[in-house]
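A structural walkthrough
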Amino acid sequence: MTRVRASLIAAARGLYLAVATLAGSITLFVLSVVSIALIVIGVGVFTTPTLLTGVRKWADLRRAQAGAWSGVQIPTPYRPFPPDLRRGITGLVERNSLMLKDPATWRDLQWLLVDMTAGCVTVIFAPALPLYMLYGYVLALGVWEPIYNAGGGEWYGFIHVTSQSDANMAALLGTALGLVGLFANPSIVRGHFLLARTLLAPTTSMRERELARRVDRLTETRHDAVDSSAAELRRIERDLHDGAQARLVAMGMDLGTIEAMIEKDPAKAKEMIAKARQNSGEALTELRDLVRGIHPPVLAERGLGDAVKALALRLPVQTEVDVELAGRAEEPVESAAYFAVSEALTNTIKHAGADRVWVDIHHTEGMLRIAVTDNGKGGASIGAGSGLSGIERRLGTFDGVLAVSSPAGGPTMVTMEIPCELS
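What you see is a predicted model, and the numbers here were worked out from it, not measured in a lab. (Residues numbered from 1 in each chain as written. Predicted model: local features only at pLDDT ≥ 70, side-chain atom pairs only at ≥ 80, totals over all residues. Heavy atoms only, no water.)

Some details on the overall build of the protein
- Counting its regular elements, the protein contains 12 helices and 7 strands.
- Among the 423 residues that make up the protein, the fraction classed as buried is 37%.
- Summarising the internal contacts of the protein: among those between residues at least 6 apart in sequence, 68% fall at separations of at least 24.
- Carbon and sulfur atoms make up 62% of the accessible area of the protein, which amounts to about 23,500 Å² in all. (Helix = DSSP H or I, 4+ residues; strand = E, 2+ residues; numbered from the N terminus. Buried < 20%, exposed > 50% of the residue type's maximum accessible area, 1.4 Å probe, protein only. Contact = heavy atoms within 4.5 Å. Areas by Shrake-Rupley, 256 points an atom, 1.4 Å probe, with all protein chains shown as cover.)

As for the pairing of strand β5 (residues 367-374)
- Burial within β5 is extensive, with 7 of its 8 residues counted as buried.
- Strand direction decides the pairing type here: strand β4 (residues 356-364) and β5, joined by 8 bridges, are antiparallel. Bridging across to β5, His-362 finds its partner in Arg-369.
- Between the end of β4 and the start of β5, which pair antiparallel, lie 2 residues, with Glu-365 showing a positive phi angle near 55 degrees.
- Alignment of β5 against strand β7 (residues 412-419), held across 8 bridges, turns out to be antiparallel. Its bridge partner lying in β7, Arg-369 is registered against Glu-417. (Pairing = 2+ DSSP bridges.)

Focus on the side chain of Ser-406
- Assignment of secondary structure puts Ser-406 in the loop between β6 (401-405) and β7.
- Note on Ser-406: relative accessible area 13%, which makes it buried.
- Here Gly-379 takes part through its backbone nitrogen, which lies 2.8 Å from a polar atom of the side chain of Ser-406.
- The residues contacting Ser-406, other than those within four sequence positions of it, are Gly-378, Gly-379, Ala-380, Pro-411 and Thr-412. (Polar contact = N/O pair within 3.5 Å; in protein donor to acceptor, adjacent residues only side chain to side chain.)

Re the sheet that holds β5
- What the 5 strands build is an open sheet, ordered β3-β4-β5-β7-β6; its pairing is mixed. The outermost strands of the open sheet, each flanked by one partner alone, are β3 (318-324) and β6. When the angles between neighbouring strand axes are averaged without regard to direction, this sheet yields 10 degrees.
- Docked against the sheet, helix α10 (residues 304-313) engages β3, β4 and β5, running at close to 175 degrees with respect to β3.
- Running over the sheet, helix α11 (residues 331-352) touches β4, β5 and β7 and is turned about 10 degrees from β5. (Axes fitted to C-alpha atoms, helices over the stretch in contact; angles between N-to-C directions.)

Quick word on the UniProt feature "transmembrane region" (unreviewed entry) in the protein
- In this numbering, the UniProt entry assigns the feature "transmembrane region" (unreviewed entry) to residues 33-55, 111-135 and 169-189.
- The straight-line gap between the two end C-alpha atoms of residues 33-55 is 11 Å; of that span, 78% is helix and 0% is strand. (UniProt positions renumbered as here; feature names shortened; annotations may be inferred.)

Comments concerning the pattern of salt bridges
- Following the criterion strictly, the structure yields 7 salt bridges and no others.
- The salt bridge partner of Arg-56 is Asp-102, with a shortest N-O separation of 3.3 Å. Of the two residues, Arg-56 sits in helix α2 (residues 43-70) while Asp-102 sits in the loop between α3 (88-101) and α4 (103-123), which places them 46 residues apart along the sequence. For the pair shown, Arg-56 and Asp-102 are each scored as buried.
- Linking Arg-369 and Glu-417 is a salt bridge whose minimum nitrogen-to-oxygen distance equals 2.7 Å. (Salt bridge = Lys/Arg side-chain N within 4 Å of Asp/Glu carboxyl O.)

Take a look at the structure:
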């Protein structure tokens, strides 16, 4: 029964795919080719991006069906659009140019052409085999006779049905075809998806270009990391010079004055000793804050989860932290994640107007995933000079990514992912 069920499901899917290739692929191919041809007179500039986006969605649907129905994985090869892509007519022209320069666009159009021809012919056998078997049975039940009387007989495969015995032979042939479909239908549908993969999957050269883009991005983020490290060193030097160092110098001068006047004016010397003690305490506090800003002790001792929980306790809004980590990441990754969360929370307190924040930290499929959500006013975006851009550069050093969902009126969700393994 399992094989019969799988064969019937494959037949239904084959019928759907055959109709879809004729209706969807033909329509999209014709409209896309006409739209690209109309670019020379300006009309296609406005229609081509929309149509090519529709082609990509159609191809992505087939990729999803290939994986879900036959286990055929087809990666998506499209080049990402730059985050600063402009809006309006200028942005539309730029989007049109980027899509036409993407080799995956032209492979999609080739796939549409193959899909509506060879793809349709291939997959139509899945529903045809069981349906043709049923037609053989219909002929054997007596329908052959009125057909014979009306026009001289019916051909069923290679059998010319002119009598009941011929009809019975047609039913026998139909049974054989049905048995073929029973075993072959899932493979026929899989073959259709394998044919699609030859054009929809990225080619070797496309993978090489993708790797080259990834190397360029990592090189850029490394430069950002070096610049950030240099800026951080200058900040530490400035904080030491203006804070703890100034207090220690002042305390040294006070001790010299105390030494000179301790016998002449003990009361005044005692007062200055108390002031020096206060300065030493303040200098120690500043040094501790400075060290905590470089690498919090709780992060080194207890890991990312407890460090973020300790950070949340100091916030002026109600903050819930949910941590599911089976181990600890490498120290540089933990540090980057901690300061990314810290900066995200700082942005929330300064700009979101939220009264509640949720932080979720977990590790799955080789990824450290962190989500910072607030119930504020929304409207956050990754732009030049924003705190979120700094977080993106920090994560990019580790090949991490940042995504922001912040509609007007809220809520805002900042999602961070860093590839890493836990120990």
